[in-house]
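# Structure at a glance
Below are the chains, spelled out letter by letter.
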Amino acid sequence: MEHPYGYIKEDKVYLKGFLNQEDRVIGEVKESEASTIKYFEERFEQAKKKVTDLKQDIEDNQNKGSFLMKLIHLRDALMQYDALGDFVPLIEELDKLEEYLNDIIQTNRARNLEIKKGLILEAEELKNDTDWKETSEKFKDLKLRWIKTGPVPPELKDEIEGAFQSATDTFFENRKNYFEGLALQADENIKVYEHLVQQARDAFNMQDARQAFEISKKIQKQWKESGKVPAERRQPLWDEFSKLNNRIFSRYKRTVQQNKSRPPMLRPYEIVKKLEQLADNMRTLSLGATTPEKLSKAKRLQAEWKTLPPKKPREAQQYSRLFVFFTDIVFEKSFLHKLARSKFDNFHDMEEHEQNQVKINIMKDLIVRDEKELSTVKENSEKFRSHESDFETILYRKIGAYKRKLEVKNHILKELSNK
């Protein structure tokens, strides 16, 4: 029995070859030839409907490119589909649809490429920003927009993805290093507070009430100038520190009532000579890297310094400032070395010039941070000025402390840069 697109031979149903395919068996006669032919014609109608439905889906949806693989699979299936009918127009219609989808996909990918290039530019502009909270939110928004943007041409995918990821990684790595530095700085600051509490204990145990009181005034000033630490770690130390200083002051008041003056243990010129010697020794320790041995010697010099009378001759002021300056250099170098080791696990394996460069980079970051904090203090002082009698004094001391910190850091940076 013949059919326009097939025939029956020896109870087997054949589909005539099309598009360079040979005739092939698609089934066999079941009840009668006529009913069998009808069955395979109906199957062809089903195939036509699949093509029609796909075409309609493409027309109805905005994301047309998502139907490309479904189209390809349907076309492959039609080439092996068991039915009687003219498959060529169906295949040709799918070919045209594929060309249409490919054009749309190429257009979309070109548009996506431009969008993602714009997102990369935004990320590049933000990657070195230090407003950590606000910029983190901006990067979250950038990532969301990136995810929502479709694919780019495959040959550019790795380059585009890499550029965006690099900018993103730079910001979050900088943020991570900053907060790690703050945490390490807080650890160092808490040691300062602990040391001040110990000095308060030592002063409280002194027999000389006047000397204890002078030390108490000095360490209370240092407490106000010390760096930031979490409140929960600072409060217990403050409770003990303030209690000790209150007791020292009470004892001093009682002593003053009994004996208003006390002759100095050293003559003025002896104090000047001693201070000159201490400043010169501390200057020697400040040269080069701070070793544990230097740190130990510096602490011993500090101990000697504390034995001198709080009120010093005017001629000794220069040596006093030099002693404090070189002392800060010794301890700042020690902190810088610890910070470098904490940031780079392989720091000890680096060449000397590599270690030096690491310290230069860290010191530059610390200087930027201190400059920013100094600027904030100055701005806040203008906005929130108080009429209290000691406000100006406290503010002046706080600003002076930041300036001294910057002077020390810049001195160390200059020394490292000249190596």
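Everything quoted here is computed from the prediction, not taken from an experiment. (Residues numbered from 1 in each chain as written. Predicted model: local features only at pLDDT ≥ 70, side-chain atom pairs only at ≥ 80, totals over all residues. Heavy atoms only, no water.)

Let us look at the overall build of the chain. From N to C terminus, the chain includes 12 helices and four strands. Here the chain has a C-alpha radius of gyration of 41 Å; the compact-globule value for 419 residues is 22 Å, and the former is much larger. With the C-alpha coordinates of the chain rotated into their principal frame, the extents come out at 135 × 45 × 40 Å. Long-range contacts, defined here as pairs at least 24 residues apart, represent 70% of the contacts in the chain between residues at least 6 apart. For the chain, the separation between the mean place of its 78 positive charges and that of its 74 negative charges on side chains is 16 Å. (Helix = DSSP H or I, 4+ residues; strand = E, 2+ residues; numbered from the N terminus. Rg over C-alpha atoms; globule rule 2.2 N^0.38 Å. Contact = heavy atoms within 4.5 Å. Lys, Arg positive; Asp, Glu negative; His and termini not counted. Charge placed at Lys NZ, Arg CZ, Asp CG, Glu CD.)

Right, let's get into the packing of helix 3 (residues 87-126) against helix 4 (residues 132-148). One can describe the packing of helix 3 onto helix 4 by two numbers: an axis separation of 11 Å at closest approach and a directional angle of 165 degrees. It follows that helix 3 is roughly antiparallel to helix 4 by the angle criterion. The way helix 3 lies across helix 4 gives a crossing that is left-handed. Contact residues: Lys116, Leu119, Ile120, Glu122, Ala123 and Leu126 in helix 3; Thr135, Lys138, Phe139, Leu142, Arg145 and Trp146 in helix 4. Its residues assigned to classes, the contact of helix 3 with helix 4 shows seven nonpolar, one polar and four charged. (Axes fitted to C-alpha atoms, helices over the stretch in contact; angles between N-to-C directions. Parallel < 35°, antiparallel > 145°, perpendicular 65-115°, else oblique. Left-handed = near helix turned anticlockwise from the far one by under 90°. Nonpolar A, V, L, I, M, F, W, Y, C, P; charged D, E, K, R; others polar.)

In this structure, Met282, Phe323, Ile362, Met363 and Ile412 are the most contacted members of the largest nonpolar core, which totals 40 residues. Among the secondary structure elements, those contributing two or more residues to this core are helix 8 (268-286), helix 9 (292-307), helix 10 (317-343), helix 11 (352-383) and helix 12 (391-417). When residues in this core are grouped by element, the largest group, nine residues, is from helix 10. In contact with Ile412, other than residues within four places in its own chain, are Ile329, Glu332, Lys333, Leu336 and Met363. The next biggest cluster of nonpolar side chains, apart from the first, holds 30 residues, and it includes Phe18, Val29, Ile37 and Tyr81. (Core = buried A, V, L, I, M, F, W, Y, C linked by side-chain atoms within 4.5 Å. Buried < 20%, exposed > 50% of the residue type's maximum accessible area, 1.4 Å probe, protein only.)

Time to look at the environment of Tyr252. Considering the arrangement of structural elements, one finds Tyr252 in helix 7 (residues 231-258). The class for Tyr252 is buried, based on a relative accessible area of 15%. Counting along the chain gives 43 residues from Tyr252 to Ala209, while the straight-line C-alpha distance between them is 5.2 Å. The contact partners of Tyr252, leaving out residues within four places of it in the chain, are Ala209, Arg210 and Phe213.

A few words on the pattern of salt bridges. A side chain with one charge can pair with a side chain of the opposite charge if their charged atoms come near. This model, assessed by the stated rule, comprises 24 salt bridges. Put simply, Glu134 and Lys138 hold a salt bridge, and the shortest N to O gap is 3.4 Å. Placement of the pair is Glu134 and Lys138 together in helix 4, with a separation of four residues, close to one helical turn. The exposure class of Glu134 is partly exposed, given its relative accessible area of 42%. With relative accessibility at 36%, the residue Lys138 sits in the partly exposed group. The network of salt bridges with shared partners includes Glu332, Arg369, Asp370 and Lys409. (Salt bridge = Lys/Arg side-chain N within 4 Å of Asp/Glu carboxyl O.)

This part covers the packing of helix 9 against helix 10. At a minimum axis separation of 11 Å, helix 9 and helix 10 run at an interaxial angle of 150 degrees. Here helix 10 runs roughly antiparallel to helix 9, going by the angle between their axes. Crossing angle aside, the handedness with which helix 9 passes helix 10 is left-handed. Contact residues: helix 9 offers Leu295, Ala298, Lys299, Leu301, Gln302 and Trp305, while helix 10 offers Ser320, Phe323, Thr327, Val330, Phe331 and Ser334. Among the residues forming the contact of helix 9 with helix 10, the class breakdown is seven nonpolar, four polar and one charged.

Assignment of secondary structure puts Gly6 in strand 2 (residues 6-9). What makes Gly6 buried here is its relative accessible area of 0%. The spacing of Gly6 and Ser296 is 290 residues in sequence and 102 Å in space, taken between C-alpha atoms.

Our focus in this paragraph is the UniProt feature "coiled-coil region" (unreviewed entry) in the chain. The UniProt entry lists residues 37-64 under the feature "coiled-coil region" (unreviewed entry), expressed in the numbering used here. Secondary structure over residues 37-64 splits into 86% helix and 0% strand, and the C-alpha atoms at its two ends are 37 Å apart. (UniProt positions renumbered as here; feature names shortened; annotations may be inferred.)

Our focus in this paragraph is unusual backbone geometry. If you check the backbone angles, Asp11 has positive phi at about 60 degrees while not being a glycine. Checked against the element boundaries, Asp11 lands in the loop between strand 2 and strand 3 (12-15). Positive phi, close to 50 degrees, is recorded for Leu19, a residue that is not glycine. One can find Leu19 in the loop between strand 3 and strand 4 (24-28).

It is worth spelling out the packing of aromatic side chains at this point. Counting across every chain of the model gives 18 aromatic pairs. A centroid spacing of 5.1 Å and a plane angle of 85 degrees characterise the contact between Phe44 and Phe87, whose relative ring orientation is edge-to-face. Here the residue Phe44 occupies a position in helix 1 (residues 33-60), and Phe87 occupies one in helix 3, the gap between them amounting to 43 residues. Note on Phe87: relative accessible area 1%, which makes it buried. Taking the centre distance of 6.2 Å and the plane angle of 35 degrees together, the rings of Trp238 and Phe241 count as tilted. Taken together, the residues Trp238 and Phe241, both in helix 7 and three residues apart, mark about one turn of the helix. (Phe/Tyr/Trp six-rings, centres within 6.5 Å; stacked < 30°, edge-to-face > 60°.)

What follows deals with the pairing of strand 3. Relative to strand 3, strand 2 is paired through four bridges, and the arrangement is antiparallel. Paired with Gly6 across the strands is Leu15, a residue of strand 3. Two successive antiparallel strands, strand 2 and strand 3, enclose a turn made up of two residues, where Glu10 displays a positive phi of approximately 50 degrees. Two strands pair when backbone bridges link them, and strand 3 and strand 4 are joined in this way by four bridges, in the antiparallel orientation. Note on strand 4: the bridge partner recorded for Val13 is Gly27. (Pairing = 2+ DSSP bridges.)

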